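One-letter residues, chain by chain:
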Amino acid sequence: MWCDFPAAMEQKLKKGLKQPPSLLSSLRWPRPATLICSGSMDRAVKVWCLETGTYCTFEGHSNAVFSVCLLPPGTRVASGSWDKSVRIWDLTTGRQIFKLRGHTADVNAVRPFGSGRLLCSASDDKTVRVWNTLNGECVRTLAGHGSDVNCVDPFPTGELVASGSKDCSVILWD
């Protein structure tokens, strides 16, 4: 196997994680790998426990969930949807903490950086937004792409953010 998981965990992964049928549109495997987060076209976010093969479902988006990520230290999940919103969910209570509004088109990607206090989102509105995950406020809007922004990836230290667009450009933001 291509990763360094214990043999017992590999067996569980080979068996597969089953859910009601829906096209998956996003999958994140945070480290350490004890959970998998998934987003799907049925508007749901699922967080899977690799030890048991069970999952919990978070519902609230009104369109496909196209991106998910676990926020450090691992008690919250962020999701980006084609309903133009980013949401933050609490794994301990099963409830939505924030609905982050500001994008005017589909949200294609969400990624945390630093200690998880900040979150980046990429959208078809040609922007990247940086959110404070503790209060739900947009702290910065990055505009410069000429078309939909499909992906975003912060440098681990939070010094730079890279974004990629349908206009075939990559921009490094500081």
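See the structure printed just above.
Here is what the cut-offs are and how they apply
Residues numbered from 1 in each chain as written. Predicted model: local features only at pLDDT ≥ 70, side-chain atom pairs only at ≥ 80, totals over all residues. Heavy atoms only, no water. Pairing = 2+ DSSP bridges. Helix = DSSP H or I, 4+ residues; strand = E, 2+ residues; numbered from the N terminus. Buried < 20%, exposed > 50% of the residue type's maximum accessible area, 1.4 Å probe, protein only. Contact = heavy atoms within 4.5 Å.

### Details of the pairing of strand β12 (residues 138-143)
For step 1, the next point in the chain: Relative to β12, strand β11 (residues 127-132) runs antiparallel, the two sharing five bridges. When the bridges of β12 are listed, W131 appears paired with C138.
For step 2, the next point in the chain: Hairpin remark: β11 followed by β12, antiparallel, with five residues in the connecting loop; positive phi at G136, about 80 degrees.

### With respect to the pairing of strand β7 (residues 86-90)
Remember that side chains alternate between the two faces of the sheet whenever the strand is regular.
For step 1, the next point in the chain: β7 sits mainly inside the fold: five of its five residues count as buried.
For step 2, the next point in the chain: As paired elements, strand β6 (residues 76-81) and β7 share five bridges and run antiparallel to each other. By the bridge assignment for β7, G80 is matched with V86.
For step 3, the next point in the chain: As consecutive antiparallel partners, β6 and β7 are separated by four residues, and within that stretch K84 has a phi angle of approximately 75 degrees, a positive value.
For step 4, the next point in the chain: Bridge analysis of β7 against strand β8 (residues 95-100) gives five bridges, and the strand direction is antiparallel. Across the sheet, the residue bridging to V86 is L100, located in β8.

### Quick look at the side chain of N132
For step 1, the next point in the chain: Relative to the helices and strands, N132 is located in strand β11.
For step 2, the next point in the chain: Setting aside residues up to four positions removed in sequence, N132 forms contacts with R117, L118, E137 and V139.

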